[in-house]
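Residue-level listing of the chains:
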Amino acid sequence: MTSSSSPSQDTQRLAHTYAEGLRADALMEEDVAWSHEIDGERDGDQFDRSERAALRRVAGLSTELEDVTEVEYRQLRLERVVLVGVWTTGTAQDADNSLAELAALAETAGALVLDGVIQRRDKPDAATFIGSGKAMELRDIVVESGADTVICDGELSPGQLIALEDVVKVKVIDRTALILDIFAQHAKSREGKAQVALAQMQYMLPRLRGWGQSLSRQMGGGKGGGLATRGPGETKIETDRRRIREKMAKMRREIADMKTGREIKRQERKRHKVPSVAIAGYTNAGKSSLLNRLTGAGVLVENALFATLDPTVRRAETPSGRLYTLADTVGFVRHLPHHLVEAFRSTMEEVGESDLILHVVDGSHPNPEEQLAAVREVIRDVGAIDVPEVVVINKADAADPLTLQRLMRIEKRAIAVSARTGQGIAELLALIDNELPRPSVEIEALVPYTHGKLVARAHDEGEVISEEHTAEGTLLKVRVHEELAADLAPYVPTPVVA
């Protein structure tokens, strides 16, 4: 068995003078001639072939507790897991960050992370994800740690799942199944539960397993069929697949019905010309905290991934008195399963139908640029690339000042805030006021007191520049949309001819 080197040593070997994006590729150059005089100072210590392919432990992932009572309690209720990642591109730090995120996902799902290993490969093994030899090493780690589950940092094919389970002899799940499990735990509304159930069935359908002909349910053939025509008919696994397809069709109809109700509410807001702002961002970036800070919505806030799934729409008001809606959406994550993107498409349409996107990013995260890229990929998937975007760098009170400066320099439309302390919230509200679309028609009208509804509509749907109460009525100078301008047109004072 190849010995595993420590992550600090491996990182030091890699992170010498190579550019970040070239480190991994440099390690794979097998056939290039090397000399100590020329390459020693440039490359530092070199990995030999066995070290390059070895499973490398990632430190700092274990969530085991020291207190005896807590340990005893958690061992009763938590699965004990080992994490496995395949490092194909990028730097060693990127691979470590990805596995650290997988550890956070596992802990959110209710698992106890015992160990985490990474293997360097050009691409995942087609049979067992990490190769047959490394799968046997993983089996030894599972036995040594007493784990009952292995979680792979990627989406495994049905064949890979079966083959790896046959080797390690414990349950194997992938990143997609883990995220689906978290969604199933956190979905509260009827629509959210239906969307998660649909995504789970889409994932499970190709992964159903049969257990031999003993599970056959029906016999084929019929009267007058002749000899050798009475086959086993529909087997248990075929019956299961048919039932899952029927349930999926039913779920899609239910989600479509619920989508109609959401669209009616959205069209009502559009009819009243109420601008909408959508809060999008990486999971645990602080979207719900920001919504609570801006509107006092009282949405659940928890330091966990995907703590809130169900979208929340709240009414808000700009500093100038303009009304708008603020919608909190489901959080995104790297490699978000496409089953979830499809199932939650009706919910994510809140982003595509909005007038402004507040893209919230965690300023204290080790790699916020990667979070921004992952969220923008999903925003493109739901067709919201034309919606104006403002990057809100949250947790500014805990962020590294150099990271804040770098993000503010890269992102031209960005603002740093702290939803916890209130830092930058006033500036954010002013920015929303400036970025929201303004009514196109400016008009001055003398509205009789008997038509007070028009004055109320001007306040709700438009932007009141000045208001004066006279003997004849209310003299308004407002900026409104075309429909309201047509209703106010009969009350525009006629100019006095000298």
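Residues numbered from 1 in each chain as written. Predicted model: local features only at pLDDT ≥ 70, side-chain atom pairs only at ≥ 80, totals over all residues. Heavy atoms only, no water.

## Observations concerning a positive patch on the surface
Consideration 1: On the surface, R243, K247, K250 and R253 cluster together into a positively charged patch.
Consideration 2: With respect to the element layout, R243 can be found in helix α11 (residues 236–271).
Consideration 3: The partly exposed category is assigned to R243, whose relative accessible area is 47%. (Patch = residues over 30% accessible without salt bridge, like charges linked within 9 Å, V, L, I, M, F, W, Y side chains within 5 Å. Areas by Shrake-Rupley, 256 points an atom, 1.4 Å probe, with all protein chains shown as cover. Salt bridge = Lys/Arg side-chain N within 4 Å of Asp/Glu carboxyl O. Lys, Arg positive; Asp, Glu negative; His and termini not counted. Charge placed at Lys NZ, Arg CZ, Asp CG, Glu CD. Helix = DSSP H or I, 4+ residues; strand = E, 2+ residues; numbered from the N terminus. Buried < 20%, exposed > 50% of the residue type's maximum accessible area, 1.4 Å probe, protein only.)

## Concerning helix α8 (residues 158–168)
Consideration 1: By the burial criterion, the buried members of α8 are Q160, L161, L164, E165, V167 and V168. The arc enclosing the buried residues of α8, seen along the axis, measures out at 160°, which places them on a common side.
Consideration 2: Following α8 by one or two positions, K169 has its phi on the positive side, about 65°. (Arc of directions from axis to C-beta.)

## Re the packing of helix α6 (residues 92–109) against helix α9 (residues 175–186)
Consideration 1: Two elements in contact, α6 and α9, have axes separated by 9 Å at closest approach and are oriented at 35°. Considering how the two elements wind past one another, α6 and α9 form a crossing that is left-handed. Mapping the contact onto sequence places S98, E101, L102, L105, A106, T108 and A109 in α6 and R175, L178, I179, D181, I182, Q185 and H186 in α9.
Consideration 2: Tallied by class, residues from the contact of α6 with α9 come to 7 nonpolar, 4 polar and 3 charged. (Axes fitted to C-alpha atoms, helices over the stretch in contact; angles between N-to-C directions. Left-handed = near helix turned anticlockwise from the far one by under 90°. Contact = heavy atoms within 4.5 Å. Nonpolar A, V, L, I, M, F, W, Y, C, P; charged D, E, K, R; others polar.)

## Some remarks on unusual backbone geometry
Consideration 1: The phi dihedral of F129 falls on the positive side, at around 75°, and the residue is not glycine.
Consideration 2: Residue F129 is classed as buried on the basis of its relative accessible area, which comes to 4%.
Consideration 3: The backbone of K395 shows a phi angle near 60°, a positive value even though the residue is not glycine.
Consideration 4: In this fold, K395 is placed in the loop between β10 (389–394) and α16 (401–410).
Consideration 5: Since its relative accessible area comes to 24%, K395 is described here as partly exposed.

## Quick notes on the side chain of D125
Consideration 1: Relative to the elements of secondary structure, D125 occurs in the loop between β3 (111–120) and α7 (132–145).
Consideration 2: For D125, the side chain forms a polar contact with the main-chain nitrogen of A127, separated by 3.0 Å.
Consideration 3: With residues up to four places along the chain from it excluded, the contact list for D125 reads I130, G131 and Q160. (Polar contact = N/O pair within 3.5 Å; in protein donor to acceptor, adjacent residues only side chain to side chain.)

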